[in-house]
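Residue-level structure breakdown
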Amino acid sequence: MDERKTRGHSEKMTLAAAGGVTPRQAAFLLASKKRRRMVTFMRIFLLILFLAVWELCSDLDVIDAFFFSSPSRVAVNFITLLRENSLLTHIGITLYETLLSFLLVFLISMICATVLWYSTRLSEIVEPYLVVLNSLPKSALAPLLIVWLGTGMNTIIVAGMSVALFGAIISLYTGFRQVDEEKIRLIYTLGGSRKDSLFKVVLPGSIPIILSTMKVNIGLALVGVVIGEFLAARRGLGYLIIYGSQVFKLDMVITSILILCVIAMGLYQVIQGVEKFYKKRL
C-alpha cells in the first residue's frame, strides 16, 4: 500500500512539474486517466467474458451450435470467406454504399434545414410532412424502390438515405432555431443580413448538433443499406445474411452480423474522433 501511495504521489508531482499545473489539478488528471483505463479494461473484459461464455455454452450443448454458432465456428467461417476472396468484396460494397448514403444525407439535410431556416413560412408548411415521413416505416418503401429503381446499387443507396434523411432535416432545423437569438439580433443591429447571421452565428453555433446528428445518421445509413441489400442486392453483407439464412449457413449469418457490428462501431468512432478534434480546437 505504501509503495502505491508513494508511486501515485510521485506521478502527481511529475504531472504538476511537467505541465505547470497545481497538485490538485494533477490529482484530477491522474484520476481521470485511471478512470479511462478502468473503463477500457472493463469493456475488453466484458467482451472476452461474453465470448468465453458463448463458446463454453456451445461446447457443453447448453445451446445448439448449429443455430447459435460459437466464436470458434465464426472464426473458421471468417477465414474461409477470406480465402474464397469474397468477404472483402462484400464488406467493401456495404461500406461504399453506407458512406455514400451518409454523405448524401448530410448534404441534402444541411441544404434543406438551411432553406427551412431562411423561410419561416415554408417551414410551417413543410414541417408536418417531414414528421409524417420520418415516422413512416422505411422498410415499407423498399418494394416501391425496387419497382421504381430496379434491383441494384441505386436502390440500396436510396434505401439507406430514406432511413436517416427526414430525421436529420428535423434535427438540424431544430438546432438552427435554438441558436441564441441575441447574437442574431446583434448581427442585424450592426447592419448584417440574414446570410451573415447564418454563416457567422447559426452554422458555427450549430456545430455540436451537426456532429451529434452525424453520429446518429452514420448508424441509420448502415441500417438502411442493409435493409436495401436484403431485398435488392447480389453483393454486400446484407446479401450474405439473407443467403446464409436461406441455405441454413447460420455461421455465415452470425459472422456477417458481427462484422456489421464492427463496422458500425468503427464508423461511429470516426465521427466521435472528429467531434473530439473540434472540441480540442475550441
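Above this text you will find the structure in question.
Below is a short write-up of the structure. (Residues numbered from 1 in each chain as written. Predicted model: local features only at pLDDT ≥ 70, side-chain atom pairs only at ≥ 80, totals over all residues. Heavy atoms only, no water.)

Some words on the overall build of the protein chain
We apply this condition: Each helix corresponds to a stretch of at least 4 residues labelled H or I by DSSP, and each strand to a stretch of at least 2 residues labelled E; elements are numbered beginning at the N terminus. We compute the radius of gyration over the C-alpha atoms and compare it with the globule rule, which gives 2.2 Å times the number of residues raised to the power 0.38. With a 1.4 Å probe rolled over the protein chains alone, any residue whose accessible area is under 20% of its type maximum counts as buried; one over 50% counts as exposed, and the rest are partly exposed. Contact definition: two residues touch when any of their heavy atoms are within 4.5 Å. Methods summary: accessible areas were calculated by the Shrake-Rupley approach with a probe of 1.4 Å, and residue burial reflects only the protein chains presented.
When helices and strands are counted, the protein chain shows 13 helices and zero strands. Listing every helix and strand of the protein chain by position from the N terminus yields α-α-α-α-α-α-α-α-α-α-α-α-α. The C-alpha radius of gyration computed for the protein chain amounts to 25 Å, which surpasses the reference 19 Å derived for 282 residues by more than 25%, pointing to a less compact arrangement than a globule. Counting only C-alpha atoms and orienting by the principal axes, one finds that the protein chain spans roughly 75 × 75 × 30 Å. In the protein chain, which comprises 282 residues, the proportion classed as buried is 34%. Relative to all contacts within the protein chain whose residues are 6 or more apart in sequence, the contacts with residues 24 or more apart total 68%. For the protein chain, the computed accessible surface area is about 17700 Å², with 67% contributed by carbon and sulfur atoms.

Some remarks on the side chain of T98
Relative to the helices and strands, T98 resides in helix α5 (residues 87-118). Take T98: its relative accessible area is 1%, and that puts it in the buried class. Ignoring any residue separated from it by four or fewer positions in sequence, one finds T98 in contact with I218, A221, L222, V225 and L267.

Some remarks on empty space enclosed by the protein
Using the following cut-off: Throughout, the protein atoms alone are placed on a 1 Å grid, and a set of points is a cavity if a 1.4 Å probe fits but cannot get out or a pocket if it is open with protein on both sides within 12 Å along at least five of seven lines; lining residues have an atom within 4 Å of a point. Grid points are joined across faces, edges and corners, and a volume is the space filled by probe spheres set on the points. Gly falls in the polar group here, along with every residue not listed as nonpolar (Ala, Val, Leu, Ile, Met, Phe, Trp, Tyr, Cys, Pro) or charged (Asp, Glu, Lys, Arg).
Counted under the stated rule, the structure contains two cavities of 30 Å³ or more. There is about 50 Å³ of room inside the largest cavity. Around the largest cavity, the lining residues are K138, S139, A142, L145, A159, S162, V163, G224 and I227. Among the elements of the structure, α7 (142-149), α8 (153-177) and α11 (207-232) are those that each provide at least two residues to the lining of the largest cavity. With three residues, the top contributor of residues to the lining of the largest cavity is α8. Considered class by class, the residues forming the lining of the largest cavity number five nonpolar, three polar and one charged. Considered as a void within the structure, the second largest cavity measures approximately 30 Å³ in volume. Lining the second largest cavity we find F106, S109, L172, I210, T213, M214 and N217.

Quick word on helix α2 (residues 23-59)
Operational definition: By this rule the span expected of a helix is its residue count minus one, scaled by 1.5 Å.
Helix length check: α2 (37 residues) gives 53 Å between terminal C-alpha atoms against 54 Å at 1.5 Å per residue, within 8%. Immediately downstream of α2, the backbone of D61 shows phi near 60 degrees, a positive value.

Details of the layout of surface pockets
Estimates place the volume of the largest pocket at around 330 Å³. Looking at the largest pocket, the residues that line it are L47, F50, L51, W54, P71, V74, A75, L258, C261, V262 and M265. Sorting the residues of the lining of the largest pocket by element identifies α2, α4 (71-83) and α13 (250-281) as the ones contributing at least two each. In the lining of the largest pocket, the residues fall into eleven nonpolar, no polar and no charged. Considered as a void within the structure, the second largest pocket measures approximately 230 Å³ in volume. Lining the second largest pocket are 15 residues, and of these W117, T120, Y173, R177 and R194 lie nearest its centre. Elements with a contribution of two residues or more to the lining of the second largest pocket: α5, α6 (120-135), α8 and α9 (181-189). Among the elements that take part in the lining of the second largest pocket, α6 stands out by supplying four residues, more than any other. Each residue belonging to the lining of the second largest pocket can be placed in one class, and the counts come to seven nonpolar, three polar and five charged.

Keep in mind that these numbers describe shape and distance, not what the molecule does.
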